[in-house]
Amino acid sequence: MTHPDTTRSHAARALSRRQMLAGSAGLSFAFAFGAPSVFGEGIASAQTAGRLNGYVTIATDGAITITSPALEMGQGVSTALPLIIAEELDADWAKVKVQQAPVAAAYNHPILQQQMVVGSLTTRGYWVPCRIAAAQARRVLLDAVAERWKVPVAELTTEPSAVVHAASKRRIGYGEIAAFARVPEKLPEIKPEELKPAKAFRLIGKDVPRPDVVDKSSGKPIYAMDVQVPGMIYATLARAPVRGSGPTSFNRDELKALPGIIDVVALDNGVGIIGQTVEAVFAARGKLKAEWRDAPGAKVDSVANLHEYLAHVRDPAQKGVVGRTTGDANAAIAGTAKVHASEFTSDYVYHAQMEPHVCVASVTPDGVEVWTGTQWQTRAVADAAKAAGVAPEKVKLNQMHMGGSFGRNIFVEYVVDAVNLSKAVGKPVKMIQSRGDDVVHGRFRPMYAQRIEVGLDGAGKVVGWRHRIAADPVVPYLYGQARMDAQKGVDHIVFAGADVPHYDVPAHVADHIYEERGVRTAAWRGIGAGATNFAIEVVIDELAQLAGKNPLEYRVALLKDPRAKRVVERAAEMAEWNRKRDGTALGISFGKLGLPPIGFSLIATVAEVSLDRANGLIRCHNLWCAADVGLPVQPGNVTAQLESSLIFALGSALKERITIKDGVVQQSNFHDYEILRMSETPQIGVDVIRSGDIPLPVGELGMPGVVPAVSNAVFALTGRRLRNAPFTPNRVKAALA
Amino acid sequence: MATIAFTINGRPAKLDAAADTPLLWIVREHLKLAGTKYGCGSGLCGACTVHVDGRAARSCQVTASQVEGKRVTTIEGLSPDASHPLQRAWIAEQVPQCGYCQSGQIMQAADLLASNKTPTRAQIVAHMDGNLCRCGTYPRIVRAIERAAREA
């Protein structure tokens, strides 16, 4: 048996890879994010795997292409992350072009270890790894010039896109360096303390025009809805109305006879209608008559169920899973003279992203190619592979712009559906959900009933706080039962926000009674905090009332965290809290976003509302917020995300509501699931506060504070508490009666 | 099936389609001009807004037979290079987030400014109210329209 000279061929392979990295085409740097201590290994494995996932490419003319590792969905990460890289690289931003990263493990979120955009964690998660990676690239450039000019590297500095040797008054642009520099096999080690100090930032903390804005103002970006593939046909999937159900029979022959229809197939979860044109497919969809398997959710009546959820939180014999605990709240409350208790409900709400679900899939003997927008690329690849019966390496996922997601597209069932339909018909298929189907088969933020009990001592001080939640679970469906078990049954999506660490509350407990009713659920923007903080912040207002104190004064006194006090005082100042209003009133709330190891961004929200008592219509005239986000990478974009999430949340305060009867979602389009319109949008004032050198979560920050601020404002106006979100006219009139 | 002839972004178009085919799909899938978006199919969201003979229309509610002989303008026809005053204002105000509703918003706004060069804020809101945006860019849309009116 011959033994090939593997040493030489290995070296030859390595050399040619290095040549691919450097040379006449410019310089490319591959960064593999793993734990910071294994950068070298990560890069080596990326190289031996034959994959060159470049993050920074420097052309010899000085043009710099930065690859953005996280998917842009309007939240601004395709600007923020490249900007962070450009800062540390010391690149001239005017020379930078941004491109979207492909789907590859090298681009995994450093904390989540998946390619995934969730939880307002993107900027925070990539912050250190991006900077270290860029600093390594800068170091390579410095080392190359030091060697070329025969000077100590310590005598070199950088200015935007240039290396400078002050002692000899020499200067060389990055493009010129790219022509001769070589990227070493082992990239230089950069310690976090060697990163650029925040006070030296040129780019971070100031706004640059977002690169995606021009195309988005011209109809140019390609969404999954827009993809055209040779030989492509169209499909829609009528999913079963109830989770876990599927068709038992349907009028296949009648539909197949319709013009333009190619086939009508039964999938496990629905009926696929396949045809030559969208219009043919949608017309046939309108004529579908199907019978469906029974499933647990087939009897759901959400209005009736909510009464049960409330009964459960009232019943001490109903034990929920404890998800948050500090001290012994049960003992503290049992030992107090006075217990203040309040109850709240929040309806199911729908993501209402403007682009209904769509995926183009092409299954061939060679593998699977998919074009879609998703927040969870790793999952989309894995599920597409499973559906097609191939290894994940055989799946090519083309990431398209998303017409909004807000948590919906973390689920990738539309990818699986498209793959199944392409398999069934043997052609590339563009599967489009109609808006009606997108609503009826939506996955919703759980319905919540909440009861908060606060124990007060003789002096009126809070000694214990008990927060009971009855809600549909999310984690088993989003991440699987194994994850739920690993978390000891704590559904972190449902629990989000259900604690009060910034307040002086010595003992706290929160528990969740699972209300598994067979309803499709998902993470909605802000996850649990939109519901849990509603309850918390109305209770804080009630405690203020009990203490005979102004809600602002009471909050500032009860908050123990200085950053928290600051945002509350600032928001009140913006709203001119003490100015007497005529016909309107103010309500205030505090809120937070984050997790202990990551850090919390903090927000205080003030709402100014008026009320038409005759028809029960609340009008929100103004919303102010003061938001402490640590380090705002792009303050203008932070403002845009706050405006965005405030408006999103206001919809859930005033209008948005999914109801389910006999297992079927009752809403079907924007006429009966109403989101906020321009005419209902208040004037919005935002103050972005910088309090540190690390960017904290932003994308969902406006979500927790709006519903309680509106409820508290209505109380100030009328003396009545609104405890059932959304505050529909009927509910308002009932509260006033 | 019928043969429909009309003008699209200044150029003649002739194609075969069922007479009741929504113009939205003619534009998007037959003519492959994807800037006009499908949001609801029921005239409730405005993402599909185009101009027919110079006036804004929800293309999901216009049929192929209804555009016979007419002039249709889509976002692609507003300018070749994002140079329309509204587009320049959109960029200056950094309006778009996910971007999906924005073509419809811009086309609806263009219709307003074509007939009212100095709209009040109330007029802007009344004219634009049928266009939904889930990303909440409404405040910036208003500012952009006001800017475009000022700078045109």
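Residues numbered from 1 in each chain as written. Chains lettered and ligands numbered in written order. Predicted model: local features only at pLDDT ≥ 70, side-chain atom pairs only at ≥ 80, totals over all residues. Heavy atoms only, no water.

Our focus in this paragraph is the overall build of chain B. Across its full length, chain B carries five helices and five strands. Mapped from its N terminus to its C terminus, chain B presents α and β elements in the order β-β-α-β-β-β-α-α-α-α. Each of the 152 residues in chain B was classed as buried or not, and the buried ones make up 59%. For chain B, contacts bridging at least 24 residues in sequence account for 55% of all contacts bridging at least 6. Total accessible area on chain B stands at roughly 5600 Å², and carbon and sulfur atoms take up 51% of it. Positive and negative side-chain charges in chain B, numbering 17 and 12 respectively, have mean positions lying 5 Å apart. (Helix = DSSP H or I, 4+ residues; strand = E, 2+ residues; numbered from the N terminus. Buried < 20%, exposed > 50% of the residue type's maximum accessible area, 1.4 Å probe, protein only. Contact = heavy atoms within 4.5 Å. Areas by Shrake-Rupley, 256 points an atom, 1.4 Å probe, with all protein chains shown as cover. Lys, Arg positive; Asp, Glu negative; His and termini not counted. Charge placed at Lys NZ, Arg CZ, Asp CG, Glu CD.)

The subject of this paragraph is the sheet that holds strand S18 (residues 429-432) of chain A. All names here are of chain A. Within the open sheet, the seven strands sit side by side as S10-S11-S8-S18-S15-S16-S17. Their pairing is mixed. Single-partner strands in this sheet number two, and they are strand S10 (261-267) and strand S17 (395-399). Each strand of the sheet is rotated relative to its neighbour by a mean of 20 degrees, with strand direction disregarded. Against the sheet, helix H8 (residues 278-285) contacts strand S8 (233-239), S10, strand S11 (270-275) and S18, and its axis sits at roughly 20 degrees relative to S8. Of the strands in this sheet, strand S16 (367-372) and S17 are in contact with helix H11 (residues 377-388), which crosses S17 at around 140 degrees. (Pairing = 2+ DSSP bridges. Axes fitted to C-alpha atoms, helices over the stretch in contact; angles between N-to-C directions.)

Before going further, it helps to examine the environment of Arg 555 of chain A. Residue and element names in this part refer to chain A. Inspection of the secondary structure assignment puts Arg 555 in helix H18 (residues 551-558). Given the relative accessible area of 0%, Arg 555 is considered buried. A sequence separation of 133 residues divides Arg 555 from Ser 422, and the C-alpha atoms of the two residues are 57 Å apart. Aside from chain neighbours lying at most four places away, what touches Arg 555 is Tyr 503, Glu 537, Ile 540, Asp 541, Val 568, Ile 588, Ser 589, Phe 590 and Asn 712. Within the structure, Arg 555 has its side chain in polar contact with the side chain of Asp 541 (distance 2.9 Å). (Polar contact = N/O pair within 3.5 Å; in protein donor to acceptor, adjacent residues only side chain to side chain.)

The next subject is the interface of chain B and chain A. Taken together, the 45 residues of chain B in the interface contact 62 residues of chain A. Between chain B and chain A, a total of about 4200 Å² is buried, with carbon and sulfur atoms accounting for 56% of that surface. Looking only at chain B, the three residues that lose the most surface to chain A are Gln 97, Tyr 100 and Arg 134 of chain B, adding up to 20% of its buried area. For Lys 37 of chain B, the salt bridge is made with Asp 226 of chain A, and the minimal N-O distance between the two is 2.6 Å. The tally of links between chain B and chain A comes to 30 residue pairs in polar contact (both at pLDDT 80 or more). (Buried area = accessible area lost by both parts, 1.4 Å probe. Salt bridge = Lys/Arg side-chain N within 4 Å of Asp/Glu carboxyl O.)

Let's shift gears to the pairing of strand S2 (residues 11-17) of chain B. Residues and elements named next belong to chain B. Where strand S1 (residues 2-8) lies against S2, seven bridges are found, and the strand directions are antiparallel. Counterpart to Ala 5 in the pairing with S2 is Lys 14. Between the end of S1 and the start of S2, which pair antiparallel, lie two residues, with Asn 9 showing a positive phi angle near 50 degrees.

Looking now at the packing of aromatic side chains. Residues and elements named next belong to chain A. Taken as a whole, this structure holds 14 aromatic pairs over all chains when the rule is applied. Relative to Phe 534, the ring of Phe 344 lies with its centre 5.3 Å away and its plane at 65 degrees, an arrangement referred to as edge-to-face. Highlighted residues: Phe 344 in strand S14 (residues 338-346) and Phe 534 in helix H17 (residues 529-546), separated in sequence by 190 residues. Look at Phe 534 and you get buried, because its relative accessible area is 0%. Within the aromatic cluster, the residues linked to one another by ring pairs are Tyr 348, Tyr 350, Phe 444 and Tyr 673. Here Arg 148 stacks its cationic end above the ring of Phe 180, 3.9 Å away from the centre of that ring. Stacked on the ring of Phe 411, the Lys or Arg Arg 443 has its end atom at 4.0 Å from the ring centre. (Phe/Tyr/Trp six-rings, centres within 6.5 Å; stacked < 30°, edge-to-face > 60°. Lys NZ or Arg CZ within 6 Å of the ring centre and 35° of its normal.)

Residues and elements named next belong to chain B. Put simply, helix H4 (residues 121-128) and helix H5 (residues 138-151) touch, their axes get as near as 10 Å, and they point 120 degrees apart. Between H4 and H5, the angle falls in the class oblique. Between H4 and H5 the crossing geometry is right-handed. The segment H4 lies against H5, with Arg 121, Ile 124, Val 125 and Met 128 engaging Ile 141, Val 142, Arg 143, Ile 145 and Glu 146. Looking at the contact of H4 with H5, its residues break down into six nonpolar, no polar and three charged. (Parallel < 35°, antiparallel > 145°, perpendicular 65-115°, else oblique. Left-handed = near helix turned anticlockwise from the far one by under 90°. Nonpolar A, V, L, I, M, F, W, Y, C, P; charged D, E, K, R; others polar.)

Right, let's talk about H8 of chain A for a bit. Within H8 of chain A, six of the eight residues are buried, which leaves the element mostly enclosed by the surrounding structure. Those residues of H8 of chain A hidden inside the fold are in contact with S8, helix H7 (252-256), S10, S11 and S18 of chain A together with helix H1 (23-30) of chain B.

Our next topic: unusual backbone geometry. Residues and elements named next belong to chain A. Following Ala 725, the chain continues into Pro 726 via a peptide bond in cis, with omega recorded as 0 degrees. Following the sequence through the fold, Pro 726 ends up in the loop between strand S28 (724-725) and helix H22 (729-736). Of note, the phi angle at Gln 113 is positive, near 60 degrees, even though the residue is not glycine. Looking at the secondary structure, you find Gln 113 in the loop between strand S4 (96-100) and helix H4 (122-149). Although it is not a glycine, Asp 662 adopts a positive phi angle of roughly 50 degrees.

Let's shift gears to the confidence of the model for chain A. All names here are of chain A. Averaged over every residue, the pLDDT of chain A is 92; the share at 70 or more is 93%. Across residues 1-25 the pLDDT falls below 50, and counting only partners more than four positions away or on other chains, this stretch makes 25 contacts in the model. Here residues 32-53 scores under 50 on pLDDT; set against residues more than four positions off or in separate chains, the count is 38 contacts. (pLDDT = per-residue confidence, 0-100.)

This part takes up the pattern of salt bridges. All names here are of chain A. Counted by the stated rule, this structure contains 57 salt bridges over all chains. A salt bridge links Arg 171 to Glu 159; the nearest nitrogen and oxygen atoms lie 3.0 Å apart. Here Glu 159 lies in strand S5 (residues 156-159) and Arg 171 lies in strand S7 (residues 170-173), a separation of 12 residues in the sequence. One network of salt bridges, in which partners are shared, links Glu 537, Asp 541, Glu 542, Arg 555, Arg 721 and Arg 723.

Take the nonpolar core next. One recurring pattern in soluble globular proteins: nonpolar side chains tend to sit buried together. Counting residues in each nonpolar core, the largest one holds 162 residues, and the members touching the most others are Trp 465, Ile 618, Val 710 and Phe 727 of chain A together with Ile 145 of chain B. With nine residues, the top contributor of residues to this core is helix H20 (residues 635-654) of chain A. Of all hydrophobic cores here, the second largest spans 50 residues; its members include Ile 64, Ala 104, Leu 142 and Val 145 of chain A. (Core = buried A, V, L, I, M, F, W, Y, C linked by side-chain atoms within 4.5 Å.)

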